[in-house]
Amino acid sequence: MNFGLTEEQSLIVQTTRAFVEKELYPHEAEVERTGHLRMDLVREIQAKAMDAGLYAANMPEEVGGAGLDTLSWLLYERELGRANYALHWTCVARPSNILLAGTPEQREKYLVPCMKGETWDCLAMTEPGAGSDLRGMSASARPDGDDWILNGTKHFISHADIAGFTIAFMATGEEETPRGKKKLITAFLVDKGTPGFTVREGYRNVSHRGYTNSILEFDDCRVPASQILGEVHKGFEVANTWLGATRLQVAATSLGRADRALSHAVDYAAQRRQFGQQIGKFQGVSFHLADMATELRAAELLTWAAGWKFDEGTVTEADMSMAKLKATEALAFIADAAIQIHGGMGLMDELPLERIWRDARVERIWEGTSEIQRHIISREMLRAVGG
Amino acid sequence: MKVLVPVKRVIDYNVKVRVKADGSGVDLANVKMSMNPFDEIAVEEAIRLKEKGAAEEVVVVSIGVKQAQETLRTALAMGADRAILVVAADDVHQDIEPLAVAKILKAVIDEEQPGLVLAGKQAIDNDMNATGQMLSALLGWSQATFASKLEIEGDSASVTREVDGGLQTIKVKMPCVVTVDLRLNEPRYASLPNIMKAKKKPLDEKTAADLGVDVTPRLTVVKTTEPEGRKAGIKVESVDELIKKLKDEAGVI
């Protein structure tokens, strides 16, 4: 087993980190304090990200991405994840892999503008009454001639305000399963401005300032069948095929912020003096640092291993869930401990710690709560022995 | 025209430098190393010359330990075409002195025949600021140091130099050695697609012995110490007192 990075991977880390520190960090305070990311700033940083080949680098080469293997992509995600989420997600966007599921015409119409930074995509799955239980959704679509009529409400839809279109998951039927009736789901590409489709301002929330969520309403919204992504009733399969690695993306970005918090804590423990000595000399602080570093390395190894297995074709759902679970929980612990080591100063917005601590909270919830991850992990263990 | 750019692997400028316990030098074990920032500027300038059509090929050379290969890959990922690694040391703590570096570079240049050598004005580890000058003497080429602007005009180069108290523009005959200063340009990021391509670019490896250069040190390091900590300042009571002190004690006004 070789745990070292290749030369390319080291360079990817080097370039991405330099970019994040130089182009994103200086704007964090503005976005955090105003809760808003200016579009002129987005355009400025986007152009630089494109020059550096960082924009949409998650995508394969044939569509204009960097063609990274999964592990390299996760290293890139970790570096981007250090910064304010709105900044890195908007200015160095990673279009959703699900757009690769499109027909050549759909790729041309939706993926290409995302690659060029002309627009952004957004995924609409969650509903007020359907979160983890996706197949219990109530928003629906019914056929009408060659068209489909969409009705229902989606909420918590990230960055729908700037997205030019949404990929809406709608119930299009029902099937009997051993666990009762489940919805059959179809994914639709819906352009902003389509009559009957409204994007409303969402909720203000604790994490990721400047990164918005919206409420999407579909009221007899008519779209042609050519807007279906994948096949009718196969929306769940499309999502599972193309969105599997998003849990690893959450893990990797969480690792970046955890590492940033930890380096602040280490520096502070070495500089800050109380009772005539560096506070890092007190075991109450130093043992904390050791635990933080150990948790971080453990979470990194789980994440990198899952990324490596992803390309080997041997990754399991549990592997990705373990990485997501461990990395997001480690981030929460490290962010909290880093603040504790800083004392009062840790709570002030002069340092990035208070926001890393706030931002950490959502990571244990979105892309599957920690409880759902534990369910997936244990289910895989039990199924193997007939459970 | 071929442009040759020597690049040095040095301790990263962000690293807090520590002196080894025995005082023989700076501790480089498990420390982040990067390309010397002035060399990065030289690489950037060479790539720009190529982009402008003033150069056809950019060759980067590094001399030192085998790990300097990483530095060369960075230069290739920025856009250099080809790299040459001259292994001259096994121990990361062994610094190759400017004269030996200049001799090795001369041997490489005799083979490569570049029209221009663009080098950093100095390495940020030992701050010698000597290699470029020595190289030009060994080659018998003209030199222009501390460049903040460079223009190629046919068989000569117009170089604006940062000198004490201002700028000086000189014209030198090509081929020549130009050493670059901080304000010449802002180096680009090694882009992701170029990083992926860098691996396929040629990297030749030689040794100092292959080139017939003896790298045995001629200098002896007597002692290495950390800079003294900054002394506490003083508080003055009034503007008058401040002016008086600036006049009489500091002698600055």
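Here the structure is a predicted model, which means the values were calculated and not measured. (Residues numbered from 1 in each chain as written. Chains lettered and ligands numbered in written order. Predicted model: local features only at pLDDT ≥ 70, side-chain atom pairs only at ≥ 80, totals over all residues. Heavy atoms only, no water.)

Draft legend 1. Fine view of the overall build of chain A. What chain A contains, in helices and strands, is eleven helices and ten strands. Relative to a compact globule of 387 residues, whose C-alpha radius of gyration would be 21 Å, chain A shows 22 Å and is just as compact. In chain A, the share of contacts with a sequence separation of at least 24, taken over all contacts with a separation of at least 6, comes to 75%. Summed over all atoms, the accessible surface of chain A reaches about 17,300 Å², with 53% contributed by carbon and sulfur. Charged side chains of chain A number 42 positive and 54 negative; the gap between the two group centres comes to 5 Å. (Helix = DSSP H or I, 4+ residues; strand = E, 2+ residues; numbered from the N terminus. Rg over C-alpha atoms; globule rule 2.2 N^0.38 Å. Contact = heavy atoms within 4.5 Å. Areas by Shrake-Rupley, 256 points an atom, 1.4 Å probe, with all protein chains shown as cover. Lys, Arg positive; Asp, Glu negative; His and termini not counted. Charge placed at Lys NZ, Arg CZ, Asp CG, Glu CD.)

Draft legend 2. Broad picture of the interface of chain A and chain B. Opposite the 20 residues of chain A that make contact, chain B presents 14 residues. Carbon and sulfur atoms supply 64% of the area buried between chain A and chain B, which totals about 1,400 Å² over both sides. When the area that chain A buries against chain B is broken down by residue, the three leading residues are A:E7, A:E8 and A:L11, summing to 40%. Where chain A packs against chain B, one counts two salt bridges. Across the pair A:K22 and B:E186 runs a salt bridge, and its minimum N-O distance is 2.6 Å. (Buried area = accessible area lost by both parts, 1.4 Å probe. Salt bridge = Lys/Arg side-chain N within 4 Å of Asp/Glu carboxyl O.)

Draft legend 3. Representation of the confidence of the model for chain B within the structure. In the predicted model, chain B carries a mean pLDDT of 94, and 100% of its residues have values of at least 70. In the predicted complex, the global pTM is 0.90; the interface-specific ipTM is 0.83. (pLDDT = per-residue confidence, 0-100.)

Draft legend 4. Representation of the pairing of strand β4 (residues 165-177) of chain A in the model. Residue and element names in this part refer to chain A. In the sheet, strand β1 (residues 123-124) pairs with β4 via two bridges, with the strands oriented parallel. When the sheet's bridge partners are listed, A124 is paired in β4 with A168. In terms of strand pairing, β4 meets strand β5 (residues 180-191) through twelve bridges, oriented antiparallel. Residue pairing in the sheet places T177 in a bridge with G180 of β5. Hairpin connection between β4 and β5: a loop of two residues separates the two successive antiparallel strands. (Pairing = 2+ DSSP bridges.)

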